[in-house]
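Listed below are the residues making up each chain.
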Amino acid sequence: MDIKSLTPLLSISPQILIAEIKAVAQAGFKAIICNRPDGEGPDQPSFKEIEAAALQYGLQAHYLPVESGKVRDEDGKAFGQLLHTLPGPVLAYCRTGMRSTTMWALSQAGVTPLPKILEASQKVGFDMKALVQRIANGGKTPSDQVDARHDVVIVGGGAAGISVASSLLARSPQLDIAIIDPADAHFYQPGWTMVGGGIFTASDTARTMASVIPTDVSWIKAAVAAFEPDNNQIILEGCRVVKYKQLVVCPGLKLDWQGIDGLNDTLGRNGVTSNYRFDMAPYTWELVQNLKGGKALFTQPPMPIKCAGAPQKAMYLSADHWTRHGVLNNIDIQFCNSGAVLFGVADYVPALMEYVKKYHIGLNFGETLVAVDGPSHKATFMKNLADGSKEKVVRDFDMIHVVPPQKAPDFVRVSPLADTAGWVDVDPGSLRHKTFANVFGLGDATNTPNAKTAAAARKQAPVVANNVLVAMGQLKGEAKYDGYGSCPLTVERGKIVLAEFAYGGKLAPTFPTWLIDGTKPSALAWYLKERVLPPLYWEAMLKGREWLAEPEMVG
Ligand SMILES: Cc1cc2nc3c(=O)[nH]c(=O)nc-3n(C[C@H](O)[C@H](O)[C@H](O)COP(=O)(O)OP(=O)(O)OC[C@H]3O[C@@H](n4cnc5c(N)ncnc54)[C@H](O)[C@@H]3O)c2cc1C
């Protein structure tokens, strides 16, 4: 018997035998659904025989047969109704388990998010991608109607999506482009560290989405539910279908707030904050100003995360404030980092270590935050030990700045565009998808090994724009991305260690060292971050003016 759990209340299996029913009952199942029509195979007991044996062991049995490859919308509905009425847990079977899984997947349309349905099915060994349109359509077979067609479709109107749209238009002003994004607002996320440090206000970092989408681009205000790259189409939530000639995928990453027990219940209260949320960064500043003594924790989850320096930027700016207000000696600052080093590129570590010493920060490597109990002010970490085992560490806090674990968006992770880790699988130089030649990816959602930053997106956008137009026959010569990313580490108010590096951690300074030596704290770099980079973002990068971002051509 090969029983696999789809949900806590439903498992599926291939054909079961009479002799196995006892074990099914012993495993705790209360009911069996047979989805295999009688007489399909010579070695198959009839449903009547299964039912008789099931009754003997106190199990209910129900017959809902479906022909292989012919699961109708009604079958999914009937399966869902059965699940409601039968006592659980339930075991459903057919020849291999495929039909049972298909019926469950259809029954979950509108009940469970589409990526979760695909993921659960994948876990039990069945690929339900062919069903995405039906699931997105509430479990009903949609018509063949295409709701929109565009030459270039961009998924995500964040830093990467708006920049690439503008860079495309800068090269080909008549190009038919659509951006798909359900959000009302567009955020300059690099500003959130400054909000948490009391330098910017939250509103400095937000604009309406409508105001940043280029006027010649169609905005489809909807969430993408699934990709069908074999058919050059995308399925939107609500089952609308959008066709493309070229697709650019840049929906950012998923902040997994649920990944830390108790965090959602207490975020924004009890001294628990995070600069990774627009509405929470002002609370960081409030906590920093109010803390006069006690314990302050700053956490960093496993890589990859966006802006790998942001967890410690929040810490240094807080410590700087406490220094200036004469309370630093009353505050025990601990940095709890899942990783094994302070910063991934070793050249910047000495300058950062100077500040770690100056602010008396305790460094705790290999410690991953797993739970936060706000009311009792306790944070639980799993610590990696030298022998490979793990140990639970509980720390008290008066203030905790949390950075959540991060992963590829669910609808990307379960799509044909994803690599095994779930990220969009693109060539690191051309940013073209490794399997689908008319698909490109950039920004935080891809599997390229650069620092996930807006600075990276600034360099990637012109590369993708060029290469999309080459693919469309409008330009010649491929452009190549070198892996540039930048992380301005705000070590004190007025000084920044400006980390700029390309693939392989190779230093890639924009300015000569006599002007800004990135490995040392620099006042000019602070000036850049505070005064130059925000207008560069809004007025240049998002508008297709490729200052300091000209792509390298390889052919
Ligand atoms: C606290 C913090 C500090 C940072 N500091 C810096 C810094 O100093 N320097 C720097 O360069 N970078 C920094 N970053 C990182 C930078 O903001 C990101 O790397 C950058 O925004 C990535 O751009 P993106 O377009 O890939 O994703 P995002 O800008 O996150 O945009 C993704 C877009 O996709 C949309 N989307 C999501 N799901 C769907 C869907 N299903 N269908 C359609 N659209 C969808 C979203 O609505 C969003 O508009 C920081 C980030 C944070 C949080």
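An account of the accompanying structure is given in this report.

### Quick notes on the sheet that holds strand β1 (residues 4–7)
Pairing between the strands of a sheet comes from backbone hydrogen bonds, and it takes one of two forms, parallel or antiparallel.
Link 1 in the chain: Strand order in the open sheet formed by five strands is β1-β2-β5-β3-β4, and the pairing between neighbours is mixed. Across the chains shown, the open sheet's two edge strands, defined by having one partner strand only, are β1 and β4 (60–63). In this sheet, adjacent strand axes meet at a mean angle of 25° when their direction is disregarded.
Link 2 in the chain: As paired elements, β1 and strand β2 (residues 10–13) share three bridges and run antiparallel to each other. Paired with lysine 4 across the strands is isoleucine 12, a residue of β2.

### Topic: the pattern of salt bridges
Link 1 in the chain: Considering all chains together, one arrives at 26 salt bridges under this definition.
Link 2 in the chain: The salt bridge involving glutamate 119 is made with arginine 413; its shortest N-O contact spans 2.6 Å. You can see glutamate 119 sitting in helix α5 (residues 114–123) and its partner arginine 413 sitting in helix α14 (residues 410–413), a full 294 residues away along the chain.
Link 3 in the chain: Given the relative accessible area of 17%, arginine 413 is considered buried.
Link 4 in the chain: The salt bridge involving arginine 324 is made with aspartate 320; its shortest N-O contact spans 2.7 Å. Separated by four residues within a single helix, arginine 324 and aspartate 320 lie in helix α12 (residues 310–324), roughly one turn from each other.
Link 5 in the chain: Its relative accessible area of 5% is what places aspartate 320 among the buried residues.

### Details of the state of the cysteines
Link 1 in the chain: In total, this model carries zero disulfides according to the counting rule given.
Link 2 in the chain: The cysteine cysteine 34 is free of any disulfide, with cysteine 94 supplying the nearest cysteine sulfur at 8.7 Å.

### Quick look at the site of the ligand
Link 1 in the chain: Residues in close proximity to the ligand total 34 residues, the closest being Ala160, Asp181, Lys313, Asp444 and Ala455.
Link 2 in the chain: The backbone of valine 224 places a nitrogen or oxygen atom 2.9 Å from a nitrogen atom of the ligand.
Link 3 in the chain: One nitrogen or oxygen atom from the side chain of lysine 313 is found 2.8 Å from an oxygen atom belonging to the ligand.
Link 4 in the chain: Out of a free accessible area of 1000 Å², the ligand has 89% covered by protein chains.
Link 5 in the chain: Counting only elements with at least two residues in the shell around the ligand, the list comes to α7 (159–171), α8 (192–196), α12, α15 (454–471) and β26 (485–492).

### Quick notes on α12
An α-helix turns once every 3.6 residues. As a result, residues three or four positions apart point the same way.
Link 1 in the chain: Taking 1.5 Å of rise per residue, 15 residues should cover 21 Å, and α12 covers 21 Å from first to last C-alpha, within 8% of that figure.
Link 2 in the chain: Most of α12 is tucked away: 13 of the 15 residues are buried.
Link 3 in the chain: After α12 finishes, the residue glycine 326 shows a positive phi value of roughly 70°.

### Some thoughts on the packing of aromatic side chains
Link 1 in the chain: Enumeration over the complete set of coordinates arrives at 14 aromatic pairs.
Link 2 in the chain: Seen from their ring centres, phenylalanine 47 and tyrosine 63 are 4.8 Å apart, and the 15° between their planes marks the pair as stacked. Here the residue phenylalanine 47 occupies a position in helix α2 (residues 47–56), and tyrosine 63 occupies one in strand β4, the gap between them amounting to 16 residues.
Link 3 in the chain: Owing to a relative accessible area of 7%, phenylalanine 47 belongs among the buried residues under this scheme.
Link 4 in the chain: A relative accessible area of 30% means that tyrosine 63 is categorised as partly exposed.
Link 5 in the chain: Seen from their ring centres, tryptophan 192 and phenylalanine 278 are 6.3 Å apart, and the 50° between their planes marks the pair as tilted. Pair noted here: tryptophan 192 is in helix α8 and phenylalanine 278 is in the loop between β15 (272–273) and α11 (281–290), with a separation of 86 residues, a long-range link.
Link 6 in the chain: Pairwise contacts between aromatic rings join Phe187, Trp192 and Phe278 into one cluster.

### Notes on the sheet that holds strand β22 (residues 399–401)
Link 1 in the chain: With parallel pairing, five strands are arranged side by side in an open sheet as β15-β22-β16-β17-β18. Single-partner strands in this sheet number two, and they are β15 and β18 (361–365).
Link 2 in the chain: Two strands pair when backbone bridges link them, and strand β16 (residues 294–300) and β22 are joined in this way by three bridges, in the parallel orientation. Bridge pairing links phenylalanine 298 to histidine 401 in β22.
Link 3 in the chain: Running over the sheet, α12 touches β16, β17 (331–337), β18 and β22 and is turned about 155° from β16.

Procedures and definitions
Residues numbered from 1 in each chain as written. Predicted model: local features only at pLDDT ≥ 70, side-chain atom pairs only at ≥ 80, totals over all residues. Heavy atoms only, no water. Pairing = 2+ DSSP bridges. Helix = DSSP H or I, 4+ residues; strand = E, 2+ residues; numbered from the N terminus. Axes fitted to C-alpha atoms, helices over the stretch in contact; angles between N-to-C directions. Salt bridge = Lys/Arg side-chain N within 4 Å of Asp/Glu carboxyl O. Buried < 20%, exposed > 50% of the residue type's maximum accessible area, 1.4 Å probe, protein only. Disulfide = S-S within 2.5 Å. Near = heavy atom within 4 Å. Polar contact = N/O pair within 3.5 Å; in protein donor to acceptor, adjacent residues only side chain to side chain. Areas by Shrake-Rupley, 256 points an atom, 1.4 Å probe, with all protein chains shown as cover. Expected span 1.5 Å × (residues − 1). Phe/Tyr/Trp six-rings, centres within 6.5 Å; stacked < 30°, edge-to-face > 60°. Contact = heavy atoms within 4.5 Å.

Purely spatial values, then, with no claim about function.
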